[in-house]
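# Close look at the chain arrangement
Each chain is listed here by its residues.
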Amino acid sequence: MKVIAASDSSLLVVLGDVMSLENNERVMSLFCALQRLNDPRIRNLHPAYASILIDFDPLRLSHEEAASLIEHLAGQGLSQYDQASNVVPIPVCYDTEFAPDLQEVANHAKIPNHEVIRLHSSATYRVHFLGFTPGFAYLGGLPDTLHVPRLATPRKHVPAGSVAIAGSQAGIYPVDSPGGWRLIGRTPVRIFDPDATQPTRLKPGDLVEFREIDRATFDATRHR
Amino acid sequence: MSLRVQDPGLLTTVQDLGRYGYSHLGISPGGAADSLAMRIANLLVGNPENAATLEMTLAGATLEFDEESIVALTGGKCDCRINSDTAPLWQAMRVPARGILTCGAMKTGARLYLGIQGGLDIQPIMGSASTNMAGHFGGFEGRGLRKGDLLGVRKGPNSRVSTLKPGAVDGLYSRELLRVTRGPQHDWFGVEAVGKLLSCPYTVSEQSNRSGLRLKGNSISPQVRSQLLTEGVSLGAIQVPQDEQPIILFVDQQTTGGYPKIANVIAADLYRVGQLRPREQVRFTEVAIPKAIDLLREQEERLKQIFQS
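None of these values were measured; they are calculated from a predicted model. Within each chain, residues carry numbers counting from 1 in the order of the written sequence. Chain letters start at A and ligand numbers start at 1, both assigned in the order the entries are written. Reporting of local features is limited, given that this is a predicted model, to residues whose pLDDT is at least 70; pairs of side-chain atoms are given and counted only at 80 or more, and all residues count toward the totals for whole chains, interfaces and linings.

### Quick look at the overall build of chain B
For the record, the criterion: Secondary structure elements follow DSSP: runs of H or I no shorter than four residues count as helices, runs of E no shorter than two count as strands, and numbering proceeds from the N terminus. Note on burial: count the other C-beta atoms lying within 10 Å of the residue's C-beta; 20 or more is buried, 12 or fewer is exposed, in between is partly exposed, and C-beta positions come from the backbone. We call two residues in contact whenever the C-beta atoms placed from their backbones are within 7 Å.
In terms of regular secondary structure, chain B is built from four helices and 18 strands. Principal-axis analysis of the C-alpha atoms places the extent of chain B at approximately 65 × 40 × 30 Å. Of all 309 residues assigned to chain B, the portion counted as buried reaches 52%. Taking as baseline every contact in chain B between residues at least 6 positions apart, the subset at least 24 positions apart corresponds to 76%.

The structure is reproduced here in structure tokens:
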């Protein structure tokens, strides 16, 4: 573990240098411990693949105090991240209208379209962290066959609910935004709802399973 | 009480001091780009400093008030009028019922704040009234104001207005020199690249906004050319993408990023970043972290002392 000052108001805790389940479990363990502290001097936590950025009020908490707080929490062990992870099922409609890149993914992987759908909806994914836009979860666990590069030119407009893949990652666009990932389906479920008590459908550490639904089910269950 | 937008200017949004505690959900704090001017606007009209204000960008808005209101304008220099009378910045003023406040184009600085006694009546979302444009929520319908929008104003308890001491804001808005501390990937860059950042002027590009200020100038080449694993990014981080032109990540930034960060603007200078205009030049100078924190403490002390008692 390395603790680096990222600014006069933040520390970056580096727990590894690769994207892996083990590193992410260490991140989640420290993240949960920091959240439990509920320390008003800490303003924000930014967990990522193998690090956490901790933003705090430097007039109330010094870098030294913050660093020793982190070392103390890490000293209690970062391996026993309890696996009581939430499994969140996400219904996905792979209808052509919602999946402009499905054919290209299939071509790239040299498999039929329905095999892309089968592979995508049979894996269990882990939310490594959220970033990019409010509620955007970076999901690890995409089957190797489906690893395709992102689009050379990002789309200016990707509709909310678009289910996408890029490289070894999977995700769902929570709000209308630009985006460079390959779109292979859409969920009728609201991924980001700012007025809800839990505004994001997914949170760091959750497990995600995609369940195929047909177009009629999509239309009938789409949030308003 | 309410105000109606007759002309929204270039970009006018509702802002307070931001939304904290949601970065792990991909939600950045947002909040006023020049938080110092925004706080002073509130304090002048007797509001708590976090009351919801309007932030105008480069070209000011025209607003009609239905009832008599006490307001204050702070930030970038521009000609403003209440009906046909000149409306000076940095002081509390009365707008009569059915009065029209016209804010012109900014001559220096990029952002103008309107504080209104009582504060704008905006339902906080996740603890803040700030507009999150990426998430289309907060502020007024999650977007910049448009002609015809009607914003409620909270009826203030007739709180006491304040007055700034003469010359209180002089020198606050020299923008050309920003102080920075080392970024988490400072080591990736080597002496030559860091030297360039700290000695050459950089120009703020037109493609700058509340998410980030893109700078143009001498290219900054890292010595280490490895791929950075996406990590959390701090406010004011100066990241260097493949085109080797630095970007200052700002209030509406993404919460994580994959480019190395050479330096970070100190907290005490962030408000000045909010007043940088496109085509303006900036230079950077390095300070140590303890010095940066002392400067922040001094700024907070100064803010308490600029008002007449």
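### Quick word on the domain arrangement of chain A
Residues and elements named next belong to chain A. Note the cut-off: Here the bounds of each domain stem from an automatic or database domain assignment. Any residue outside Ala, Val, Leu, Ile, Met, Phe, Trp, Tyr, Cys, Pro, Asp, Glu, Lys and Arg is labelled polar, Gly included; the first ten of those are nonpolar and the last four are charged.
In terms of domains, chain A is made up of domain 1 (2-75) and domain 2 (87-221). Each of domain 1 and domain 2 was reduced to a C-alpha centroid, and the two centroids are 29 Å apart. Listed as interface residues are eight residues of domain 1 and, on the opposing side, six residues of domain 2. Tallying contributions element by element places helix 1 (residues 21-37) first for the side of domain 1 that touches domain 2, with four residues. Across the side of domain 1 that touches domain 2, the residue classes tally to seven nonpolar, one polar and no charged.

### Some remarks on the interface of chain A and chain B
Each partner contributes to the interface: chain A provides 43 residues, whereas chain B provides 38 residues. Every element with two or more residues in the side of chain A that touches chain B is listed here: strand 1 (2-7), strand 2 (10-14), strand 3 (42-47), strand 4 (51-56) and strand 6 (124-130) of chain A. Examining the composition of the side of chain A that touches chain B, we find that five residues originate from one element, strand 3 of chain A, more than from any other. Classifying every residue of the side of chain A that touches chain B by side-chain character gives 25 nonpolar, 12 polar and six charged.

### Things to note about the domain arrangement of chain B
Residue and element names in this part refer to chain B. Taken as a whole, chain B is organised into domain 1 (2-152) and domain 2 (177-305). Averaged C-alpha coordinates put domain 1 and domain 2 at centres separated by 26 Å. Taken together, the contacts link 19 residues of domain 1 with 13 residues of domain 2. When residues of the side of domain 1 that touches domain 2 are traced back to their parent elements, those giving at least two are helix 1 (35-44), strand 5 (69-82) and strand 8 (100-116). Per-element tally for the side of domain 1 that touches domain 2: the top contributor is helix 1, with four residues. Partitioned by chemical class, the residues of the side of domain 1 that touches domain 2 number seven nonpolar, nine polar and three charged.

### Quick notes on the sheet that holds strand 11 (residues 202-204) of chain B
All names here are of chain B. Stated precisely, the cut-off is as follows: By the convention used here, strands pair only if DSSP detects at least 2 bridges between them. Axis geometry follows a simple rule: fit a line to the C-alpha atoms, using only the stretch in contact for helices, then measure angles between N-to-C directions, giving values from 0 to 180 degrees.
The seven strands lie next to each other as 10-17-14-15-12-11-18, forming a closed barrel whose pairing is mixed. Along the sheet, successive strands turn relative to each other by an average axial angle of 40°, direction set aside. Against the sheet, helix 2 (residues 190-199) contacts strand 17 (261-265) and strand 18 (281-286), and its axis sits at roughly 125° relative to strand 18.

### Some details on the sheet that holds strand 4 of chain A
Residue and element names in this part refer to chain A. Taken together, the four strands give an open sheet; going across it, the order is 1-2-4-3, and neighbouring strands pair in antiparallel fashion. Strands at the two margins of the open sheet, each flanked by one partner only, are strand 1 and strand 3. Adjacent strand axes in the sheet meet at a mean angle of 20°, parallel and antiparallel pairs treated alike. Strand direction decides the pairing type here: strand 3 and strand 4, joined by five bridges, are antiparallel. Counterpart to I42 in the pairing with strand 4 is F56. Packed on one face of the sheet, helix 2 (residues 63-75) meets strand 1, strand 2 and strand 4 and runs near 30° to strand 2.

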